[in-house]
Amino acid sequence: MTPQDPAAAPEVAVAEDPIKVQNARLLARLHTLFGEDAFTDVSEPYGLLTATTTRERIHGIIAGLQQDEEIALHFLTTMCGINYPENVGQELGMIYHLHSLTQNIRLRLKIFFPVADPVVPTLSDIHLSANWMEREAYDFYGVIFTGHPNLMRILNVEDMDYFPMRKEYPLEDGTREDKTDLFFGR
Amino acid sequence: MAVNDTLEGTHHIIEEAREQQDKILIPLHNDFNQELTTLNLGPTHPATHGIFQNILQMDGERIVSGVPTIGYIHRAFEKIAERRPFYQITTLTDRMNYCSSPINNLGWHMTVEKMLGITVPKRAQYMRVIMMELARIADHLICNSILGVDTGAFTGFLYVFQEREKIYEIYEEVCGARLTTNMGRVGGMERDFTPVAIDKLRKWLKEFPAVMKEFESMFNRNRIFMDRVVNVGPISAEKALSYGFTGPNLRAAGVDYDVRVMNPYSSYEDFEFDVPVGTNGDTYDRFMVRNEEIWQSLRIINQALDKLPEGPYHADAPHYYLPPKQEVYKNMEALIYHFKIVMGEIDAPVGEVYHSVEGGNGELGFYLVSDGGRTPYRLHFRRPCFIYYQAYPEMAVGTTLSDAIVILSSMNVIAGELDA
């Protein structure tokens, strides 16, 4: 038995799949509000509409979606950083999950930016909950949020001088030789 | 190594952040130019029930400002998870909200199953619902009885802790562990409920309501208790939503958001239950919402136990679910699967998935990015405590120190989940 590829399943389903209909409606609304060129890489992994945008637009989009009465994506579920060292010029990313509690629609937005210039506008003026989540992203990935009221480390010690969740930091000391395991990768 | 190259580049980032930090103003004097007292509450204060530090500026008995410091038991779960196969991450989730570990465990399994496209049989889903609701009751019992202790009522705590102990005995019968349960497996449950487990559960379901009624009659209309909690630390629905509140704390503010109802998982749509809501989000509302949720959880358990379908307790997913041990000794395929699963050598599909469950104190989310390898490329836990604890200074400012303790207690902040 081979594991089934679940990502392929939604394409087989007919167009009346309510999640597909809802996502199409959400995407059409996003395009009318912010223009079609604002979103790239639109996909629906596991039924959750995902789009990539730019850091110049992200603040306007999330503020606009909070105010928009038709969709009302007013709840910031979570945000987190991500690091793809092999994507030169786009090494760092931020991923936002928005949720409309009135209509039960979720949206995932992504932005990517170079690791040498990790500056992103803060969302803490839109969502109060963004305050600590941005501090966490700063703590682990070194993303600078302009306009953040209190951008300092939150979970790690303050005098740490690196960003531990970036991929370049191995979980264990890479120079250790006593625990090498060629087959299962220490 | 590349590590040192980027370190050079990051120093200016840290310097800039430190400059910003110096601009934060902490009040030192009150309106009459009298000096304020700085009080260090925590990190290891018996009344904070966990390792939280709050540096409070006090004007007499009144709190003027509070600066929380967290991270005392940060264990880098998200980083560790990037090196572990999926089944080994379960033990990390145990240690987040350790008052309701089964919810964390089973929520994580459901995330992986969603990614792999595994459908779990009805019996396993109902078994999961029973265990998750037991965990919710245990979680709420701790929160509410400790709130009683913090307001000076020790007796109720002793009453319900006996019942919590019985819940832990049921856990023991189901999975062999009590606190960090590591319950369930990807694809189902690790074993069927034993007859002893069912007996214990039925016995407990018969005995518990009387204790709960006693607990409620001790608190709900108690003049002393109500004086301590009514209108203490209220939060409006708008503020609560903006602060990212979920779970009982949000429902106490009057928003009926419950993941079990809005996005049912594990067959929650089969059960009948109500979502209690409060009105003004104060400590009393949070207490009452949790009490009512205990009754609703009991309803769900009774329904699930009565309707518990016959059938297998795990999915037919040999790539992910360990074969029976007897098979491993006799059967070649079983041995191969056993080896590959235990060594974590089974690759996952490429993709990203977000799944959330209703945890003990809110929406517990798992955001999993897989690059097709044996471990997650990135795993982010949406820990409800972490997000709503940032509202604490705002709720505590203007109250007295004793009220601040009660507010903290009623928010049910669990240090393990806060710091992950």
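The rules behind these values
Counting from 1, residues in each chain are numbered in the order their sequence is written. Labels follow written order: the first chain is A, the first ligand is 1, and so on. Per-residue local features are limited, in this predicted model, to residues with pLDDT of at least 70; the limit for side-chain atom pairs, both in listing and counting, is 80 or more; totals at the level of whole chains, interfaces and linings are taken over all residues. Only DSSP runs of H or I covering at least 4 residues are called helices, and only runs of E covering at least 2 are called strands; the numbering of each starts at the N terminus. In this treatment the radius of gyration is a C-alpha quantity, and the globule benchmark scales as 2.2 Å times the residue count to the 0.38 power. With C-beta atoms placed from the backbone, a residue is buried if 20 or more other C-beta atoms are within 10 Å of its own, exposed if 12 or fewer are, and partly exposed between those counts. Here contacts are defined at the residue level, using C-beta atoms placed from the backbone and a cut-off of 7 Å between them. What marks off one domain from the next here is an automatic or database domain assignment. Throughout this entry, Asp, Glu, Lys and Arg are counted as charged residues, while Ala, Val, Leu, Ile, Met, Phe, Trp, Tyr, Cys and Pro are counted as nonpolar. The remaining residues, Gly among them, count as polar. The quantity called pLDDT is the predictor's confidence in a given residue, expressed from 0 to 100. Angles here are taken between N-to-C directions and fall from 0 to 180 degrees, while the axes themselves are lines fitted to C-alpha atoms, restricted in helices to the stretch in contact. For classification purposes, angles smaller than 35 degrees are called roughly parallel, those larger than 145 roughly antiparallel, those between 65 and 115 roughly perpendicular, and all remaining angles oblique. The handedness criterion is simple: a crossing whose near helix is rotated anticlockwise from the far helix by less than a right angle is left-handed, and one whose near helix is rotated clockwise is right-handed. Take the residue count of a helix, subtract one, and multiply by 1.5 Å to get its expected span. Buried Ala, Val, Leu, Ile, Met, Phe, Trp, Tyr and Cys residues whose C-beta atoms connect them within 7 Å together make up a nonpolar core. The pairing criterion is simple: DSSP has to find at least two bridges between the two strands.

A. Structural context of the overall build of chain B. Looking only at helices and strands, one finds 18 helices and six strands in chain B. Rg of the C-alpha trace for chain B: 23 Å, near the compact-globule value of 22 Å for 420 residues, within the 12% margin. When its C-alpha atoms are laid out on the principal axes, chain B stretches across 85 × 65 × 30 Å. Within chain B, buried positions represent 48% of all 420 residues.

B. Quick look at the overall build of chain A. When helices and strands are counted, chain A shows four helices and seven strands. Here chain A holds 186 residues, and 37% of them are scored as buried. Across chain A, the fraction of contacts at a sequence separation of at least 24, relative to all contacts at a separation of at least 6, is 50%.

C. Layout of the domain arrangement of chain B. Residue and element names in this part refer to chain B. Parsing chain B into structural domains produces domain 1 (2–69) and domain 2 (77–418). Relative placement of domain 1 and domain 2: their C-alpha centres are 32 Å apart. Taken together, the contact between domain 1 and domain 2 spans 14 residues of the former and 18 residues of the latter. Looking at the side of domain 1 that touches domain 2 residue by residue, the classes come out as seven nonpolar, five polar and two charged.

D. Looking closely at the confidence of the model for chain A. Averaged over all residues, the pLDDT of chain A is 85; the fraction at 70 or higher stands at 84%. Counted against residues more than four places away or in other chains, residues 6–10 of chain A, with its pLDDT under 50, gives ten contacts.

E. Representation of the packing of helix α7 (residues 195–219) of chain B against helix α12 (residues 283–307) of chain B in the model. Residue and element names in this part refer to chain B. The interhelical angle for the contact between α7 and α12, taken along N-to-C directions, is 165°, at an axis separation of 11 Å. On the basis of their axis angle, the class for α7 and α12 is roughly antiparallel. As for how α7 packs across α12, the hand of that crossing is left-handed. Facing Leu201, Leu205, Pro209, Met212 and Glu216 of α7, the residues of α12 in contact are Asn291, Ile294, Leu298, Ile301, Asn302 and Leu305. Here the residues of the contact of α7 with α12 are counted per class, giving eight nonpolar, two polar and one charged.

F. Highlighting helix α6 (residues 155–175) of chain B. Residue and element names in this part refer to chain B. With 21 residues, α6 extends 31 Å between its outermost C-alpha atoms, agreeing within 8% with the 30 Å of an ideal straight helix rising 1.5 Å per residue. Of all the positions in α6, only Gly156, Val160, Glu163, Ile167, Ile170, Tyr171, Val174 and Cys175 are classed as buried. Buried residues along α6 sit against α5 (122–150) and α7.

G. The nonpolar core, seen in detail. Among the nonpolar cores identified, the biggest contains 152 residues, and A:Met79, A:Ala137, A:Val143, B:Met131 and B:Leu134 are the most heavily contacted of them. Tallying contributions element by element places α5(B) first for this core, with 15 residues. Inspection of this core shows a minimum of three residues originating in each of domain 1 (2–69) and domain 2 (77–418) of chain B. When sequence neighbours within four positions are dropped, the list of residues in contact with A:Ala137 reads A:Met79, A:Cys80, A:Gly81, A:Met94 and A:Val143.

H. View of helix α3 (residues 86–94) of chain B. All names here are of chain B. Burial runs high along α3: seven of the nine residues are buried. The complete set of buried residues in α3 reads Phe86, Tyr87, Ile89, Thr90, Leu92, Thr93 and Asp94. Each element contacted by the buried residues of α3 is listed here: α2 (77–81) and α4 (101–116).

I. Expanded view of the packing of α5(B) against helix α17 (residues 401–410) of chain B. Residues and elements named next belong to chain B. Taken N-terminus to C-terminus, the directions of α5 and α17 make an angle of 170°; their axes are 9 Å apart at the nearest point. By the angle between their axes, α5 is roughly antiparallel relative to α17. Of the residues in α17, those in contact with Ile146, Leu147 and Asp150 of α5 are Ile405, Val406, Ser409 and Ser410. Partitioning the contact of α5 with α17 into residue classes produces four nonpolar, two polar and one charged.

J. Region of the structure containing the sheet that holds strand β1 (residues 40–43) of chain A. Residue and element names in this part refer to chain A. Spatially, the five strands line up as an open sheet ordered β1-β2-β5-β4-β3, and their pairing is mixed. Unpaired on one side and paired on the other, β1 and β3 (75–83) mark the two borders of the sheet. Ignoring which end each strand starts from, the neighbouring axes of this sheet average 15° apart. Note: strand β4 (residues 92–100) against strand β5 (residues 105–113), nine bridges, orientation antiparallel. Residue pairing across strands places leucine 92 opposite phenylalanine 113, the latter belonging to β5.

K. Looking closely at the pairing of β4(A). All names here are of chain A. For β4, a buried count of eight out of nine residues is recorded, marking the element as mostly surrounded by other parts of the structure. Note that β3 and β4 share eight bridges and pair antiparallel. Note on β4: the bridge partner recorded for threonine 78 is histidine 97. Between the antiparallel neighbours β4 and β5 lie four residues, among them asparagine 104 with a positive phi of about 55°.

L. Layout of unusual backbone geometry. Residue and element names in this part refer to chain B. If you check the backbone angles, serine 266 has positive phi at about 50° while not being a glycine. Tracing the sequence through the fold places serine 266 in the loop between α11 (259–262) and α12. According to the C-beta neighbour criterion, serine 266 is buried, with 22 such atoms within 10 Å. Despite not being glycine, alanine 420 shows a phi value in the positive range, around 40°.

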